[in-house]
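Summary of structural features
As a plain string of letters, each chain reads:
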Amino acid sequence: MATQSNFEYLLYNGFVMEDNPNDCVYITFQDQPSTMRDPNKKPLRPLRLCLGTRELPVKVKQWGLAMEVMYQAPGEGKRFLVDFILQKLAKYATTVEEDTAELERLRSRERGDPPTMLAIQMRRHEKVTLRAVVDKLRSGAWDCCNSIS
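Residues numbered from 1 in each chain as written. Predicted model: local features only at pLDDT ≥ 70, side-chain atom pairs only at ≥ 80, totals over all residues. Heavy atoms only, no water.

Description of the state of the cysteines
As a reminder of what qualifies: Only a pair of cysteine sulfur atoms within 2.5 Å qualifies as a disulfide here. Every helix listed is a DSSP run of H or I at least four residues long, and every strand listed is a run of E at least two residues long, numbered separately from the N terminus. Only protein chains enter the accessibility calculation, which uses a 1.4 Å probe. A residue is then buried if its area is under 20% of the maximum for its type, exposed if over 50%, and partly exposed in between.
In the structure shown here, the tally under the stated rule is one disulfide. In this model Cys24 forms its disulfide with Cys50; the gap between the sulfur atoms is 1.6 Å. Handedness here is read from the sign of the S-S torsion; for Cys24 and Cys50, about 85°, the answer is right-handed. Of this pair, Cys24 sits in strand S1 (residues 24–28) while Cys50 sits in strand S2 (residues 48–52), placing them 26 residues apart in sequence. By the burial criterion, Cys24 is buried, and Cys50 matches it.

So, in structure tokens, the structure goes:
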């Protein structure tokens, strides 16, 4: 059974697992979502965490709660978190479907370029994981930021 994220497997072992239950995406929570920025408010300190589909780290929940306090928006921590993740997803140049198609194209060749394939696999897994995190937050599967009833 996998015990590391795909980032760690790629970094230390040179491969990415297709179905890694411990996969997560490292995200830096540097400041508030751009839709909620207020130039008069002090930004939060950067916080780098690994978001996965198994559980939401306590510090991510704390970030959501801090956003509620910063913007005097009780019960909105989950929305801040979902918006933040969706902004990260929007920055990718390709979709999951495009990555999947490109991987199939490369695999069908006699010799696919391994570094390119690994990079696409990693990027695809990051997007799939982030989508799953958003889906779990939206469905209320996790308690987050006092906003899920």
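Considering the packing of helix H3 (residues 77–90) against helix H5 (residues 114–139)
Our working definition: Structural elements are reduced to axes, namely lines fitted to C-alpha atoms, with helices fitted over the stretch in contact, and the angle between N-to-C directions of any two is expressed from 0 to 180 degrees. Should an angle fall under 35 degrees it is taken as roughly parallel, and over 145 as roughly antiparallel, whereas 65 to 115 is taken as roughly perpendicular and any remaining angle as oblique. Two helices crossing with the near one rotated counterclockwise from the far one by less than a right angle form a left-handed crossing, whereas a clockwise rotation gives a right-handed crossing. Note on contacts: a residue pair qualifies if any of its non-hydrogen atoms lie within 4.5 Å across the two residues.
For the pair H3 and H5, the least separation of the axes is 10 Å and the interaxial angle reads 160°. In terms of their interaxial angle, H3 and H5 are classed as roughly antiparallel. Judged by the sense of rotation from one axis to the other, the crossing of H3 with H5 is left-handed. Here Lys78, Leu81, Val82, Ile85, Leu86 and Leu89 of H3 come into contact with H5, specifically with Lys127, Leu130, Arg131, Val133, Val134, Leu137 and Arg138.

A few points about the nonpolar core
Our working rule: To define a nonpolar core, start from buried Ala, Val, Leu, Ile, Met, Phe, Trp, Tyr and Cys residues and group those joined through side-chain atoms within 4.5 Å.
Ranked by internal contacts, the top residues of the largest apolar core, which has 22 residues, are Phe29, Leu51, Leu81 and Ile85. Sorting the residues of this core by element identifies S1, S2, helix H2 (58–70), H3 and H5 as the ones contributing at least two each. Residues within four places of Ile85 in sequence aside, it is in contact with Leu51, Leu130, Val133, Val134 and Leu137.

Concerning the pattern of salt bridges
Note the cut-off: By convention in these notes, a salt bridge is any Lys or Arg side-chain nitrogen within 4 Å of a carboxyl oxygen on Asp or Glu.
Inspection of every chain in the model, using the stated rule, returns eight salt bridges. Across the pair Glu18 and Arg124 runs a salt bridge, and its minimum N-O distance is 3.9 Å. Remark: Arg124 occurs in helix H5 and Glu18 occurs in the loop between helix H1 (6–13) and S1; sequence separation between them is 106 residues. A relative accessible area of 42% places Glu18 in the partly exposed class.

A closer look at the environment of Leu118
Tracing the backbone shows Leu118 in helix H5. Separated by 102 residues in the primary sequence, Leu118 and Val16 place their C-alpha atoms 6.8 Å from one another. Apart from the residues within four sequence positions on either side, Leu118 is in contact with Leu10, Gly14, Phe15 and Val16.

Some words on a nonpolar patch on the surface
In plain terms, the rule: Two joining distances apply to patches: 9 Å for like charges and 5 Å for nonpolar side chains (Val, Leu, Ile, Met, Phe, Trp, Tyr), and every residue must have over 30% relative accessible area and no salt bridge. The method behind every accessible area is Shrake-Rupley, applied with a 1.4 Å probe, and residues are considered shielded solely by the protein chains displayed.
A cluster of nonpolar side chains, Phe7, Leu11 and Tyr12, forms an exposed patch at the surface whose accessible area comes to about 340 Å². Turning to its location among the elements, Phe7 is positioned in helix H1.

With respect to the layout of surface pockets
Rules: Cavities and pockets are defined on a 1 Å grid built over the protein atoms alone: a cavity is a set of grid points where a 1.4 Å probe fits but cannot escape, while a pocket is an open set with protein on both sides within 12 Å along at least five of seven lines, and lining residues are those with an atom within 4 Å of any such point. Grid points are joined across faces, edges and corners, and a volume is the space filled by probe spheres set on the points. The residue classification treats Ala, Val, Leu, Ile, Met, Phe, Trp, Tyr, Cys and Pro as nonpolar and Asp, Glu, Lys and Arg as charged. All others, Gly included, are polar.
Of the pockets and cavities examined, the largest pocket occupies roughly 180 Å³. The wall of the largest pocket is formed by Glu18, Asp19, Asn20, Pro21, Asp23, Thr53, Arg124, His125, Val128 and Thr129. Here the residues of the lining of the largest pocket sort into two nonpolar, four polar and four charged.

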